[in-house]
Amino acid sequence: MIRQIIIIFTSLLLISACSSSDEQDRAEHPAPAATVELMDSRSEGESTSPASIKALKKSHKNAPIILIQNEDDDMQRLD
Amino acid sequence: MSNLYSKIHRLKAQGWTWETFLQKIDLIYPAGIDPKTLYALHRKPHHQANNQISKAILELHDQQFPSPFPADTQALLNIYNRLLSCKKHSGIDQDIKDFLVFLASDINFGDNLRRARLHWLKADIHLDQLPTLRNNGQSQALAVQKELALEHYQQSYQLLEGIKTQQQKSQQAVTIDDFTLYKLQQNMLACHLNSLHADQRYTDQSLKHYLNHSNFIQSSKRVLHTEPYQWIIARNGLRFSSINSNKADCEFFYQALIIANSAFADFNYAPNGAPPIMQSTEFKWAIQQINEGIQ
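Residues numbered from 1 in each chain as written. Chains lettered and ligands numbered in written order. Predicted model: local features only at pLDDT ≥ 70, side-chain atom pairs only at ≥ 80, totals over all residues. Heavy atoms only, no water.

Let's shift gears to the overall build of chain A. Each helix and strand in chain A was counted, giving three helices and zero strands. The N-to-C order of helical and strand elements in chain A reads α-α-α. Per-residue burial for chain A yields a buried fraction of 16% across its 79 residues. (Helix = DSSP H or I, 4+ residues; strand = E, 2+ residues; numbered from the N terminus. Buried < 20%, exposed > 50% of the residue type's maximum accessible area, 1.4 Å probe, protein only.)

Let us look at the domain arrangement of chain B. Interfaces are often sized by the accessible area lost when the parts come together. According to the domain assignment, chain B consists of domain 1 (4–64) and domain 2 (69–195). On a C-alpha basis, the centroid separation for the pair domain 1 of chain B and domain 2 of chain B is 28 Å. (Domains from an automatic or database assignment.)

For any two helices packed against each other, the geometry is given by the interaxial angle and the distance between the axes. Residue and element names in this part refer to chain B. Interaxial distance between helix α12 (residues 231–243) and helix α13 (residues 247–260) falls to 8 Å at its minimum, and their mutual angle equals 160°. Here α12 lies roughly antiparallel to α13, going by the angle between them. Pair α12 / α13 crosses with left-handed handedness. Seen from α12, the contacting residues are W231, A234, R235, G237, L238, S241 and S242; seen from α13, they are D249, C250, F253, Y254, A256, L257 and A260. A class-by-class count of the residues in the contact of α12 with α13 yields nine nonpolar, three polar and two charged. (Axes fitted to C-alpha atoms, helices over the stretch in contact; angles between N-to-C directions. Parallel < 35°, antiparallel > 145°, perpendicular 65-115°, else oblique. Left-handed = near helix turned anticlockwise from the far one by under 90°. Contact = heavy atoms within 4.5 Å. Nonpolar A, V, L, I, M, F, W, Y, C, P; charged D, E, K, R; others polar.)

Residue and element names in this part refer to chain B. By the definition in use, this model includes twelve aromatic pairs over all chains. Taken together, a centroid distance of 5.8 Å and an interplanar angle of 80° make the contact between F69 and W120 edge-to-face. Taken together, the positions of F69 in the loop between α4 (51–64) and α5 (71–85) and W120 in helix α7 (residues 112–135) put the pair 51 residues apart, joining distant regions of the chain. What makes F69 buried here is its relative accessible area of 7%. Accessibility expressed as a relative area gives 1% for W120, which makes it buried. A ring pair is formed by F252 and F253, whose centres lie 5.1 Å apart and whose planes are at 85°; its orientation type is edge-to-face. (Phe/Tyr/Trp six-rings, centres within 6.5 Å; stacked < 30°, edge-to-face > 60°.)

This next bit is on the confidence of the model for chain B. Residues and elements named next belong to chain B. Considering every residue of chain B, the mean pLDDT works out to 93; 99% of them sit at 70 or more. Within chain B, no element has a lower average pLDDT than helix α10 (residues 205–213), which sits at 89, and none a higher one than α13, at 97. Here the predicted complex scores 0.77 on pTM and 0.88 on ipTM. (pLDDT = per-residue confidence, 0-100.)

For side chains of opposite charge, pairing can occur when their charged atoms come near one another. Applying the stated criterion across every chain, the model contains 15 salt bridges over all chains. A salt bridge links R114 of chain B to D72 of chain B, with the shortest nitrogen-to-oxygen separation between them at 2.9 Å. Of this pair, R114 of chain B sits in helix α7 while D72 of chain B sits in helix α5; the two residues are 42 residues apart in sequence, bridging distant segments of the chain. Between R222 of chain B and D178 of chain B there is a salt bridge, with its nearest N and O atoms 3.7 Å apart. Here R222 of chain B, found in helix α11 (residues 216–226), pairs with D178 of chain B, found in helix α9 (residues 178–194); they are 44 residues apart in sequence, far enough to count as distant. Here the residues in one salt-bridge network are D73 and D74 of chain A together with R134, R201, R235, R239 and E282 of chain B, joined through shared partners. (Salt bridge = Lys/Arg side-chain N within 4 Å of Asp/Glu carboxyl O.)

Residue and element names in this part refer to chain B. Core analysis: the biggest nonpolar cluster contains 60 residues, and Y153, L160, L189, L238 and F240 have the highest contact counts within it. Every element with two or more residues in this core is listed here: α7, α8 (139–169), α9, α10, α11, α12, α13 and α14 (284–294). Excluding residues that lie within four positions of it along the chain, L238 makes contacts with C250, F253, Y254, L257, I277, F283, A286 and I290. Among the nonpolar cores identified, the runner-up in size contains 15 residues, and L4, I25, I53 and A56 belong to it. (Core = buried A, V, L, I, M, F, W, Y, C linked by side-chain atoms within 4.5 Å.)

This next bit is on unusual backbone geometry. Positive phi is not limited to glycine here, since S245 of chain B has a value of about 50°. Structurally, S245 of chain B is set in the loop between α12 and α13.

Residue and element names in this part refer to chain B. It is at 10 Å that the axes of α9 and α11 come closest, and there the two elements cross at 140°. As judged from the angle between their axes, α9 and α11 are oblique. The hand of the α9/α11 crossing is left-handed. Contact with α9, carried on its side by D178, F179, Y182, Q185, Q186 and L189, involves F216, S219, S220, R222 and V223 of α11 and no other residues of that element. Partitioned by chemical class, the residues of the contact of α9 with α11 number five nonpolar, four polar and two charged.

To continue, consider α7 of chain B. With 24 residues, α7 of chain B should cover 34 Å at 1.5 Å per step; its first-to-last C-alpha distance of 36 Å lies within 8% of that length. Phi turns positive, to about 75°, at G137 of chain B, one or two residues after α7 of chain B. (Expected span 1.5 Å × (residues − 1).)

Spelled out as structure tokens, the structure:
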């Protein structure tokens, strides 16, 4: 009887430890939900020929404007 | 971000003494500016000024070197720049979209000088979208914004070149100088460069094609001859000479960078508004060549 209680108690301790470690892991590596949402639905490697650009311009006429977040060494515009 | 270092050098190059310089600032900003701050801004491209001092120097610069463009177009550009710098503005996306609607209509009115500046502003708005679209992997929208930016910069360039030629023919005072046209060329190159991730910039054919078919390097050298303190121009010249694997041009622009300010002799030097060239992959080839030349 005592042996069974010890086994159940140890199992509960193990389950609790695993669950806490998983939570910590998730907190350290959050899913990049925002990035996924913002990705273009079309494939990255799809080519954009000059002929199709006119058509694309029309379809993107009302595309949302996204705020600027310059990274690395981009060229600053001159005015 | 305004390049205060170059603006202060341009003002000083008129032959002003420091006393005159400080008096002129006093007229705009009665609280005055500590001479040590002004000297530091003149000596160090990494030195930052507070808002009031920046504003006073920019105002003085605009008084001494007035823009050739109509005041209403300059006001629109200022509104757009202030809008961008206001990160807490909640309706910024919609305001920029509305701004574009207004510009699309307004661009058809007025003389060529006004229209050129509005094309320039519209191109700026499209150019400003490129880094985010690139980082988000929105390749189709990126291609469209890049093309629109290039189209409007090109239209602005053609209109301004036409005005310059006309002024030269009729022997009027030429208001469109080389530096104004250089700025447009630089922005067109920025459309190509900023739409690429850093690791693609050495190999992208459209960037190399534009570089080899434009006179960007020659224009950079011409502007540096007149204004040797323009470290941004020297830095960009070095960047594109490196991408183009041109050793002679790399050496020229590295020297120009050191002439602009000796602090650039250190590849790890970080000026205000740009990372150290050591940290930027586009300068890798140039750094190798310069180091080999030194040994």
